[in-house]
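Residue-level listing of the chains:
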Amino acid sequence: MVGRRASRLGLTSVLGLVAVVVVAAACGPSTGASTSAGAPGSGTTSLDVVATTTVFADIVRNVGGDRVAVTSIIPPGAGPEDYEPRPDDARKIADADLIVSNGVGLDDFIDRLINATGEGDVPRLVLGTGIPTISEGGEPNPHFWLDPSLVVDHYLPAIAARLSDLDPAGAVTYATNRDAYTTRIRAMDAANKAKIASIPPSDRKLVTFHDAFPYFAAHYGFELVGVILANVGQEPSASDLAALVQKVKSAGVHAVFSEAQFNPELARALAEEAGVKQVVTTLYNDTVGPPPNDTYLTMMEWNMSEIVKALG
């Protein structure tokens, strides 16, 4: 499960950053809001925000607008399960006015990175705090953002409030942006729900590569039949795969789904063994995709379109 994935980051990776800390600390961390040449508009106040993933960076950017400059620690196309911190990440942390993460075991590497760089006083926002979790095997699943209602009800208010704390002069802007983005997310969500109507209720079944979709399934009314990898980076045993093959056969599943950042071979092998003809390997969840799927909204629209196309 996710809680054990974070522990895969080797001690060598963290210790290797210590040498970089000396350089980063010499320049000193950002002390608050500053004028950024990269922000649209003359003299626009900008907070330097560092998010752990591209998904969170995009969501923060939509709330912050011109008053924030947002970067992501993890680059597009990579997920937090297999991310190894790089020396340049120390610079991002040192220059940050705010660090945004999800928590609940998804991106715990950020805690070790902050400790290694000695930047423990940088303001933090952990988006998953206080959200009721779905547990699997005794561990809470952190993929809240695949349920748009959780983004609207939890992420957006938390982001707007934290940005306003750090930049009180921008509070009205952050509230306005939050409300506008809420409207857009709700419109995307309504459109996604309308697409599902083309799938017969008996066919609304998902088999996914890794355990990212329980909130998505619960929100949109899919049955989550099974997951190929319970622990990313750890191959399933032959007995686990055999049990999943039987489960997929019994459920009459029509497609197996995987994400673009993972090797599709295991998903294809499972589908072949279970007699499932369709394998979709182009979903996104821990990272946004290439354009036009490079935002949270377009990623969610794309995922639903791919699922409906396979199951409808």
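Residues numbered from 1 in each chain as written. Predicted model: local features only at pLDDT ≥ 70, side-chain atom pairs only at ≥ 80, totals over all residues. Heavy atoms only, no water.

1. Quick notes on the overall build of the protein
Point 1. Tallying secondary structure elements over the protein gives 12 helices and 11 strands in all.
Point 2. Buried residues in the protein amount to 52% of all 312 residues.
Point 3. Put simply, 68% of the contacts in the protein that link residues at least 6 apart link residues at least 24 apart.
Point 4. Summed over its atoms, the accessible surface of the protein is roughly 12800 Å², and 55% of this surface lies on carbon and sulfur atoms. (Helix = DSSP H or I, 4+ residues; strand = E, 2+ residues; numbered from the N terminus. Buried < 20%, exposed > 50% of the residue type's maximum accessible area, 1.4 Å probe, protein only. Contact = heavy atoms within 4.5 Å. Areas by Shrake-Rupley, 256 points an atom, 1.4 Å probe, with all protein chains shown as cover.)

2. What to know about the packing of aromatic side chains
Point 1. Inspection of the entire model under this criterion finds eight aromatic pairs.
Point 2. The interplanar angle of 75° and the centroid separation of 6.2 Å between the aromatic rings of F56 and Y155 together place this pair among those described as edge-to-face. A residue pair is termed long-range when its members are at least 10 positions apart, and F56 in helix α4 (residues 54-64) and Y155 in helix α7 (residues 148-166) qualify at 99 residues. Both residues of the pair, F56 and Y155, belong to the buried class.
Point 3. With centroids separated by 5.0 Å and ring planes inclined at 50°, the aromatic side chains of F144 and Y215 adopt a geometry described as tilted. Remark: Y215 occurs in helix α9 (residues 214-220) and F144 occurs in the loop between β7 (139-140) and α7; sequence separation between them is 71 residues. Accessibility classification places F144 together with Y215 in one group, the buried group.
Point 4. Each member of the aromatic cluster is reached from another via a ring pair, and the members are F213, F216, Y220 and F222. (Phe/Tyr/Trp six-rings, centres within 6.5 Å; stacked < 30°, edge-to-face > 60°.)

3. Digging into the nonpolar core
Most often, soluble globular proteins keep nonpolar side chains buried together rather than apart.
Point 1. W145, F216, F222 and Y296 are the most contacted members of the largest nonpolar core, which has 57 residues in total.
Point 2. Among the elements that line this core, the one with the most residues is helix α12 (residues 296-311), at nine residues.
Point 3. If we skip the residues at most four places from it in the chain, F216 touches L146, L206, F222, M300, M304 and I307.
Point 4. Judged by nonpolar contacts, the second largest core, of 18 residues, contains L229, A251, L266 and L270. (Core = buried A, V, L, I, M, F, W, Y, C linked by side-chain atoms within 4.5 Å.)

4. Details of the pattern of salt bridges
Point 1. Within this structure, the stated rule accounts for seven salt bridges.
Point 2. As a salt-bridge pair, D179 and R178 come within 3.0 Å of each other at their nearest N and O atoms.
Point 3. Looking at R178, the relative accessible area reads 26%, which means it is partly exposed.
Point 4. Here E306 makes a salt bridge to K309, at a shortest N to O gap of 3.0 Å. Within this pair, E306 and its partner K309 are both found in helix α12, separated by three residues, close to a single helical turn. (Salt bridge = Lys/Arg side-chain N within 4 Å of Asp/Glu carboxyl O.)

5. Brief notes about the confidence of the model for the protein
Point 1. Across the protein, the average pLDDT comes to 86, with 85% of residues at or above 70.
Point 2. A low-confidence stretch, residues 1-43 (pLDDT under 50), is modelled with 80 contacts involving residues beyond four sequence positions or located in other chains. (pLDDT = per-residue confidence, 0-100.)

6. Let's talk about the pairing of strand β11 (residues 278-283)
Sheet faces and side chains relate simply in a regular strand, where the side chains alternate between the two faces.
Point 1. Note: strand β10 (residues 255-259) against β11, four bridges, orientation parallel. Bridge pairing in β11 places A255 opposite Q278.
Point 2. After leaving β10, the chain enters helix α11 (residues 265-274) and then returns to the sheet as β11, a path that is right-handed. (Pairing = 2+ DSSP bridges. Right-handed = clockwise from strand over helix to strand, strands pointing away.)

7. Observations regarding the side chain of T182
Point 1. Its place among the elements puts T182 in helix α8 (residues 171-196).
Point 2. For T182, a relative accessible area of 10% puts it in the buried group.
Point 3. Engagement of the side chain of T182 in a polar contact is seen with the backbone oxygen of R178, the distance being 2.8 Å.
Point 4. Filtering out sequence-adjacent residues up to four positions away, T182 remains in contact with V152 and L156. (Polar contact = N/O pair within 3.5 Å; in protein donor to acceptor, adjacent residues only side chain to side chain.)

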